[in-house]
Structure formats: structure tokens, C-alpha cells
Amino acid sequence: MLSMGPVLFASPWLLTALAALPLLWWLLRLVPPAPRFMPFPAIRLLFGLRGEETVPRAAPWWLVFLRLGLVTLLIVAAARPILNPDWTLGAGGPVAIVIDDGWAAAPEWDQRIERAVAVVNAAERAGRPVYLITGAPPASGDVLEPLRLQGAAETREALGALEPKPWPVDRVAMASAAQNLIEDAGSADIFWFTDGLDSDGAQTLSEILSRAGSLTVLAPDLSAGPIVLRPPSAASAQMSVDILRPEAGIPLDLAVIAFAENGRPLARRDITLGAGDLRGTTAFDLPLDIRNEIARLVVENRPGAAATALIDRRWSRRPVGIVADIGSREVLPLLSEIYFLDRALQPWGSLGRGRVDELLDQDRAVLILPDDTVLDSESRDLLDGWLDDGGVAIRFAGPRLAAAPDDLLTPVRLRGGGRQLTGAMQWTEPARIGSVADSGPFAGMRIAGDITISRQVLAEPSLDLDAKTWMRLEDDTPLVTAEQRGDGWLVLIHTTANTEWSDLALSGMFVEMLERLMRLGQGAADPGGDDTIYYPLDTLDGFGRLSAPQASARPLSSRVSDLTELSAELPPGFYGTEEARVALNLGGFLEDPVAMGSYPAGAVVTDFAKAEEVPITPYLLLAALLLLTLDTVITTVMRGYAGLSRSRGAGAAAAILLGVFLQPADPAMAQDAAVPPGALATTFAYVLTGDEEVDRISAAGLQGLSQVLTNRTAVEPGPPVGVDIDRDEIAFYPLLYWPVLEDQGRLPAPTADRINRYMAAGGMVLFDTRDGYLINTQTRTASDAMREIVRSLDIPPLIAVPADHVLTRSFYLMDFFPGRWSEGVVWVEEGGNTTNDGVSPVVVGSADWAAAWALDNSGRPLLPIGNGGEAQRELAYRFGVNLVMYTLTGNYKSDQVHVPSILERLGQ
């Protein structure tokens, strides 16, 4: 392989044939004499004979140069020149590909792999071995080592299997692997596909790579990312998030989208990072019900685990109620318990005050009972039932409880009178907080040393008092006790909620205590470190998509607050149970991203933009053909034909030239170009709506369904086609997918006639309003627009798909037809028709099937699915297969021959 600037020769040894050009010069200078035509008698052969020796006439110099150019073009074409070769390699040694495959590599991952494959192609042409070093540490016990790959095919397969990991790279381990590479292979051509971020060991790695041989660094434009999304603080009244980037060279427009658990978008916030801004902030100030639905925050169009923040119940604002008779016992409102509680709880929940029955009617998660609360028997019964169902009651002690201890609505038995630690007749000093229980919600909380307790209600000693105590004073007496009642908790703080008995209510620790206690109502206390096992439920991959837990994932064995980093054993995702799950977010464990300061001197630094390689051989052969044709014409003119005059030879040569260059176009090609794709193969079509995003998803959805059909059935559809229903002929397509927009109006009469003829001739239209998540709401949706379409078309009466319909068994046995959304009903023609083999001409639904079917260029799902996860996506594919089989085979599966076996399988 030989490189000459922007041109590379794949077979340079063939250029040695250029040394024969001088010999060709001598040979090509000769032009054979033209044949002479002489009529009989043979005696005429003797006329004009000369006795002297004759020599052939020399060819003109310009003809010789033309022939030399022809031969030169053929020799150079045989050497397979390539214009703008992607990579050129050094003189010898192996080729090493070093890839940062951590979280920061996700934004331009496909470009990285394409350029790495181009390096492999260059190594293959040069016959050089390839080594591969990846950066993200694997599961525990494995050590990063350079992997020598046996051939180009194996290398390309290994690169194709790589994906970015949802944790950082280990540059120290990469440096060690690079050092081992030097010791094993010596000098090499090094290609470092870096994420561009600085980290521990980054400079050491770059220096080792530069010593290993020729170093080429491929780095991204960090002004556009990678993006780090800091998860919101659970302590904030607003759900506020920070967005960070490593460089601020250009302005950057971003958006953060909040999704519900079923993938439904809830809110969007735009944010602009100006030139020079490394950080931006935006907040989601939403109604309580909507805020509590948020399960995921995602930076739009920025793939990556760090650009995704998972939300569990720790971030929910709990509806809190303070039990009080409105307007009573607030003679000094600024000193009352309600005032202190209201100020402490305002950032954490939706507050309400009132009687027990009023608050429980509002579905409160936490109730707080100040000491001056008076409960009647009916309120007590309501509280008992509410606690059994999972409620949390936080009660404060005070003069009223000290005077009349309540053993029914307290977690422990109390002594009457209370305990006074200071006063004119007391020798004791106010007590300070001593310790917290390791297994309670206060575990790990920092104890403020300046808080004093001057009076408390004492608990009677008992065998279970120690297990029920969550916080103690320095003298080991309980300050906070709790007991589980059914699925709920009853908590008692043995002092007042104001400053009458202590200064706890004036401290920040008071706010933190209440916040941790409120988490009990949602089952989202700080996990780990106790007897509960928090298994991984769903983990994020390197692109920020939730999927089944990775094989290396292990249960959470320490508290979230004690974790310092995420890894292959503890990837970001959801842990725990479906009822009480905890989110681990990569953005919460990363330091602020910082760009690499510099790279070693002599290293070639470039980006991932690829200059397309252009093989020059076809163009050289075409030029040689033109020269050969020209030489033939010239030689013909110069020599003439036997029996033809010179003028006739010139005319024949001109005819040859015209025959070569003026060939008429192949009429069959023109005819083929006019044939719609649906006439040549089974092809599905989708209606072009004018919305680029909707049309893109429709095309990707039908393409994904076509791949599933090809893999699972005998149907092998062609690429899907977008059609304009106002102009294009749709009779060639057996199935027409129609995504209905919200602003869709009534169809023009010619268009409606076209659709009616299509359905009458046997075509099927799948109308998809895509609004299944808005069922039973007052929002105007595409379902309203669908009614306008129905009024325009000749559509028969529709019913929900009955249990014995062919759609339920045309290929798979199904009784449920979800797409991206699982809500809504699928409608078909009532009773079927007798003119179209029993096939309903329309199927109407709202499940957004194209979004569930859609795949990207790598064969990965394009959009998230609803509550059912990947199992729901599989059901969506099965519905698509059933629909196609129903469209193509009609009522075949309604044949009574198959009914017994089908009923037997349904019974199983």
C-alpha cells in the first residue's frame, strides 16, 4: 500500500510496469502500412515494384503520446488508486485501536465505530495485525488488557459488538494496558478514539501512547457535549436540574423532557447555554399530581446515561396534612406548633390543615398531630384504618400529652407528667441529642451539637423500647419512637413542635427529620445497609435507555448516600421492588466534566468527520476506453479500409464513434422507473402527514415490522413507501398505515373517493390516532379528528375486536393489541363483509403502533415503550404480524378445521 498525499494505491507494485514505457514508445511509433487494393490480372502485381528496401512509416508524436497515455492509465488503474483514503499507516508494526467506551462516548458512538472500522480496513490492506484496548472497566475480577484480533473480519465483529457503558472509563487501567502493548508488540500505529474529557491517569495514558509509536487522536467537539444532567435535589420545593458541558465555545440550545413511567411526555423545559456558559439550570414547577407522575428526565436528542435522570418517590411532593381545628388555639400564631410545622414542611409537600376526616378525604400521605390536637373516637377509628392502609402519622408530645398519656395512639407507653430538665428548682442542665438508630430513617444523619431539649415525655421501659427508638438524648432516653401499624407508621417525637420545650424547631435538623419521616409514606427511605435486598430492576445502558439488568449487575448493598461511584457491578438504574424502588443516577456521581488540556507533541488530533473514500479505478478505465476508441478512430482514418477510399474510412470511423457515444437510452429502464414499488413486491405504505417527525416514525415503524415479518414468517416485504393520498396511486399496497393528526379535517371529495375505491378493491387502512395515553381525558386529541375522517369515508359500522375475531389468531394467539400505549380499544368492521374474504377494510386504534415497531439504523428500538416494557413491544410486534396475515390471507384461520386445536391451545 502506497500513499501519495490524498491518493492511496492498494496495489502499488503494479506501478513497476511503468518502467516498460520506453519500449512501448518504440513500438507504438510504428504504423503498419495500409493495405492496397489491386484488380486482376496478376501481372499488375509486378507494376510499381521497387528493388530497394522499404521501412514502415513512423507514427506522429501525438499518436505515440496518446497510446502511452492509454497504457499508463491501464497500469495505474491496476494499482487500484483511492482518492481521499480514510487512513494511511506508517511503515510497519501492528495497529492499535484505543477506544474510550464510557458514558461520555455515547453522543457520537456510530461515527467512532465507522472511523475505527476504516482503520481496520487500512490495516487489512497493509496486512498489519490489530490490537484493541477499551476504556470502561468490565465486571469485577477482569483486568483491562490489549486484545489481539486475528483478522479484519473478527476485528469488525468485535467493534460492531461494542457499545458505550453507563459508567466512566478507567484511564489508569488503560495506561497499564498500553504499557503491556508496548512490551508485547513494540512500536505501533496508535489510534485513540477519546471522549475528550480529563480524568485521573489521562495525561499518563496519552504520554504512553505517544511513546508507543505514531499517535492519532480522534476527539469530539466538546461544545456540543457530552451533557451531564444533575438529578434534582429531593430537598427542593421545585424540581430543579442543572445541565453541564465540558466546553463553552458555542451557544447551545437544549431541552429537558419529563416522562411518566409509561413513556408519556409530561413537560418540556428549554434552556440555552450561551457562549462561555458551562452550566445551565431549569426547573419543573408543575401541579402536584403531574409532578408525582414523573419517572424520568431526559435531555432531548442527547443520548447517554449521564443525560438521563431517573426519578423515584424520594422526589415526590407528599400531600401532608396538619390535624387542627381551623382557627382554634392560635392566640399567638407565631409561637404555635402549626406555624413552625408549616414553615418547616412548606418545601416538602402540599400542605393542608383541618380535621382528620377532611384531610383523609383529600388523600393525604402524611398526617401531623401537634400536641394541642384533640381527637374524638371517630377520628381515632379513621386514623387506625388509614395507618393500616399505609399512612404515616407523626405526633408531637407536649403539655396535653404529658397530662393525659394516650396509650392507644402512641408507639410506646408513656409516663405521666413529663420530664423537666431545667428550671428554678432543677439541678440538671438541658439535654442534647445523643445518637440515632442505624436501621431507622435517621441513619447517617449528622447530629447538630447546639440543639437542647429542656423537657420531654418519657417512655415506660419495655422489652421492645430499644427496637422502637430511632433517636435518643445523650442520657439514652428516647426522643423519637415509632411503631409499624399495618402497612403504615406511627411516629412520636417526645417534645413539642415549637420552642416551648426545646429549640429543635429552630434548627435545620428539624426540617431534615420531618423530610426523612415523610419518605416513610412512599417507601423510599435511603436504601441499603439493612436486611432489605435491593435487586436491580431496570438499568440504563450507555445510550440512556432502560432495559433488563445487565449480567454484571449486583444488588445494592450499601446506602445510596454512602456510594461514591457507579460501575459494571452497580450500573445506574432502578433498584428495589416495583412497590418501593430507588433510582441510582450517573449524573449524581460524576464530577463536573472538564476537557483535556492538551495532547502530546507530535500527535495528530482530528475529529470524527470522515472524508469519503473514492476509488479512482473505474474512472481511469473509462478514460482508457475513451482513449482506445479515439486511437481506433485515428488509426482507421490514417490507414483506411481495404476497398474504401480515405474519405470513406473517415466516414466509417465517425460512424463507430457516434455508435459508441450516442447509444439510445434503454427504454426498459425508463419504464422500470415509473413502476411503483408495490407492483414489484409486497410493500406496505404509510400516509404522509406533512409532519416530519410523524412521517419519520411511520417509516421506521413499518420498516421494523417488515424485519420482524421477514425473520418470523414467509412474508418478505419491500421497504415501506410514503404516499400522498391526494396524488399517489395506492392500489398497489395491501396495507396503508394512517397516523391521524390532531388538526386533521374532513377529506376532500376526490381523496375520499380514492380511499373508498381502495377499500372496496380489497385494501386495508390502519387508522392510528396515537393518543392512547389521553383516553378518558378532556384534552382534544386525534380521536376527535378521526371522527371527521369517518364522516368523509364510506366506512361500515365498527365494533371492538371480539374474542373470536380472526385478528386474535391469524398467526399468534392474542387477546390484547398494545402498541406504545396499552390503553384504548381496537375497532374493526362489524360482522365482516362477504366481498373481501371477510377482511375488515379498516382497523382503528390509538396505541401508536408505529412508535412501538420503529427501529433505528442499528436495529435498536427507536422510542421508549409504555408500562409493559419490552414485553409490551413484543406484543405490539405480534399484533403487527397478525394484522399483516389477516390482510393477506383473509378468513383462512376462521376455517372450522382449525377451531378444535385453537380452542385447545387457548384452554392451555
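As a starting point, this report considers the structure included with it. For clarity, every value in this text was computed on a predicted model and none was experimentally measured.

### Section: the overall build of the protein
Step number 1: Counting secondary structure elements, the protein contains 22 helices and 39 strands.
Step number 2: Put simply, the protein has 908 residues, and 48% of those count as buried.
Step number 3: When the accessible surface of the protein is split by element, carbon and sulfur atoms take 54% of a total near 43,400 Å².

### Structural notes on the pairing of strand β4 (residues 95-99)
Step number 1: Most of β4 is tucked away, with five of its five residues classed as buried.
Step number 2: Side chains Val95, Ile97 and Ile99 of β4 all project onto a buried face; the interleaved residues Ala96 and Val98 project onto the opposite face, where all are buried too.
Step number 3: Pairing of β4 with strand β5 (residues 130-134) involves five bridges; the strand directions are parallel. Bridged to Ala96 within β5 is Tyr131.
Step number 4: In this fold, the crossover linking β4 to β5 by way of helix α3 (residues 109-126) has right-handed handedness.

### Here's the deal with the sheet that holds strand β27 (residues 536-540)
Step number 1: The four strands are arranged β28-β27-β29-β30 in an open sheet whose pairing can be described as antiparallel. Of all the strands in the sheet, the pair left with one neighbour each is β28 (546-547) and β30 (581-584).
Step number 2: In the sheet, β27 pairs with β28 via two bridges, with the strands oriented antiparallel. For Thr539, the partnering residue across the bridge sits in β28 and is Ser547.

### With respect to the side chain of Asp101
Step number 1: Tracing the sequence through the fold places Asp101 in the loop between β4 and α3.
Step number 2: A relative accessible area of 1% places Asp101 in the buried class.
Step number 3: Within the local environment of Asp101, its side chain forms a polar contact with the backbone nitrogen of Gly135, the two atoms lying 2.9 Å apart.
Step number 4: Leave out the neighbours within four places in its chain, and Asp101 touches Trp109, Thr134, Gly135, Ala136, Leu162, Glu163, Pro164, Lys165 and Val169.

### Here we look at helix α6 (residues 202-212)
Step number 1: For α6, every residue scored as buried is listed here: Ala202, Leu205, Ser206, Ile208, Leu209 and Ala212. Seen end-on, α6 carries its buried residues on one side only, within an arc spanning 165 degrees.
Step number 2: On the buried face of α6, the contacting elements are β4, α5 (171-185), β7 (188-193) and β8 (213-218).
Step number 3: Gly213 lies just past α6 and shows a positive phi near 150 degrees.

### Brief notes about the pattern of salt bridges
Step number 1: Using the criterion set out here, one finds 31 salt bridges in the structure.
Step number 2: With a shortest N-O distance of 3.3 Å, Arg279 and Asp242 are connected by a salt bridge. Taken together, the residues Arg279 in strand β13 (residues 279-284) and Asp242 in strand β10 (residues 239-244) connect sequence positions 37 residues apart.
Step number 3: Residue classification places Arg279 among the partly exposed positions, given a relative accessible area of 40%.
Step number 4: One salt-bridge network, held together by shared partners, links Arg230, Asp242, Arg279 and Asp592.

### Concerning the nonpolar core
Step number 1: With 41 residues, the main nonpolar core has Ile394, Phe396, Phe442, Trp470, Met471, Val480 and Phe510 as its most contacted residues.
Step number 2: Broken down by element, the residue count for this core peaks at six residues, all from helix α13 (residues 508-518).
Step number 3: Ignoring anything within four residues of it in the chain, the contact list for Trp470 reads Ser435, Val436, Ala437, Gly440, Pro441, Phe442, Val480, Ala482, Trp489, Val491, Leu517 and Leu520.
Step number 4: Residues Tyr812, Ala847, Ile865 and Ala876 belong to the second largest nonpolar core, which totals 39 residues.

### Describing the sheet that holds strand β11 (residues 252-260)
Note on sheets: strands pair through backbone hydrogen bonds, and any given pair is parallel or antiparallel.
Step number 1: Read from one edge of the open sheet, four strands run β12-β11-β14-β15, paired in antiparallel fashion. If you trace the sheet from one side to the other, it starts and ends with β12 (265-273) and β15 (308-310), each paired once. Direction aside, the axes of adjacent strands within the sheet are offset by 15 degrees on average.
Step number 2: Where strand β14 (residues 294-299) and β15 come together, three bridges link them in antiparallel fashion. Its bridge partner lying in β15, Leu297 is registered against Ala309.

### As for the packing of α5 against α6
Step number 1: Between α5 and α6, the least distance of the axes is 8 Å, while the angle of their chain directions is 15 degrees. Here α5 lies roughly parallel to α6, going by the angle between them. Pair α5 / α6 crosses with left-handed handedness. Residues Arg171, Met174, Ala175, Ala178, Gln179 and Ile182 of α5 form the contact with α6, whose participating residues are Ala202, Thr204, Leu205, Ile208, Leu209, Arg211 and Ala212.

### Side note on the packing of α3 against helix α4 (residues 152-161)
Step number 1: The N-to-C vectors of α3 and α4 enclose an angle of 170 degrees; their axes lie 10 Å apart at closest approach. Between α3 and α4, the interaxial angle falls into the category roughly antiparallel. Between α3 and α4, the residues in contact are Ile113, Ala116, Val117, Val120, Asn121 and Glu124 and Ala152, Thr155, Arg156 and Leu159, respectively.
Step number 2: Taken together, the residues of the contact of α3 with α4 sort by class into six nonpolar, two polar and two charged.

### Some words on the environment of Tyr758
Step number 1: Looking at the secondary structure, you find Tyr758 in helix α18 (residues 749-760).
Step number 2: For the pair Tyr758 and Glu729, spaced 29 residues apart in the sequence, the C-alpha separation amounts to 9.4 Å.
Step number 3: Apart from residues no more than four positions distant in its own chain, Tyr758 is found in contact with Ile730, Ala731, Tyr733, Pro734, Leu735, Leu736, Gly763, Met764 and Val765.
Step number 4: Of the polar contacts made by the side chain of Tyr758, one reaches the backbone oxygen of Pro734; its length is 3.4 Å.

### Notes on the packing of aromatic side chains
When we look at a pair of aromatic rings, we describe it by the centre distance and by the angle of the planes.
Step number 1: Considering all chains together, one arrives at ten aromatic pairs under this definition.
Step number 2: Measuring from ring centre to ring centre gives 5.5 Å for Phe817 and Phe879, while their planes differ by 55 degrees; the resulting arrangement is tilted. Residue Phe817 is found in the loop between β37 (798-800) and β38 (827-829), and its partner Phe879 is found in helix α21 (residues 869-889); the two are separated by 62 residues along the sequence.
Step number 3: Residue Phe879 is classed as buried on the basis of its relative accessible area of 0%.
Step number 4: Relative to Phe879, the ring of Trp849 lies with its centre 4.7 Å away and its plane at 25 degrees, an arrangement referred to as stacked. Taken together, the residues span a long stretch of sequence, with Trp849 in helix α20 (residues 849-853) and Phe879 in helix α21 at a distance of 30 residues.
Step number 5: You can call Trp849 buried: its relative accessible area is 0%.
Step number 6: The structure contains a cluster of three or more aromatic residues connected by ring pairs, namely Phe442, Trp470 and Trp489.

### Digging into the pairing of strand β25 (residues 478-485)
Step number 1: Within β25, six of the eight residues are buried, which leaves it mostly tucked inside the rest of the structure.
Step number 2: Here β25 pairs with strand β26 (residues 488-493) via six bridges, running antiparallel. The partner of Thr481 across the bridge, within β26, is Leu492.
Step number 3: What sits between β25 and β26 in their antiparallel hairpin is a turn of two residues, with Gly486 showing a positive phi close to 65 degrees.

The rules behind the values
Residues numbered from 1 in each chain as written. Predicted model: local features only at pLDDT ≥ 70, side-chain atom pairs only at ≥ 80, totals over all residues. Heavy atoms only, no water. Helix = DSSP H or I, 4+ residues; strand = E, 2+ residues; numbered from the N terminus. Buried < 20%, exposed > 50% of the residue type's maximum accessible area, 1.4 Å probe, protein only. Areas by Shrake-Rupley, 256 points an atom, 1.4 Å probe, with all protein chains shown as cover. Pairing = 2+ DSSP bridges. Right-handed = clockwise from strand over helix to strand, strands pointing away. Polar contact = N/O pair within 3.5 Å; in protein donor to acceptor, adjacent residues only side chain to side chain. Contact = heavy atoms within 4.5 Å. Arc of directions from axis to C-beta. Salt bridge = Lys/Arg side-chain N within 4 Å of Asp/Glu carboxyl O. Core = buried A, V, L, I, M, F, W, Y, C linked by side-chain atoms within 4.5 Å. Axes fitted to C-alpha atoms, helices over the stretch in contact; angles between N-to-C directions. Parallel < 35°, antiparallel > 145°, perpendicular 65-115°, else oblique. Left-handed = near helix turned anticlockwise from the far one by under 90°. Nonpolar A, V, L, I, M, F, W, Y, C, P; charged D, E, K, R; others polar. Phe/Tyr/Trp six-rings, centres within 6.5 Å; stacked < 30°, edge-to-face > 60°.

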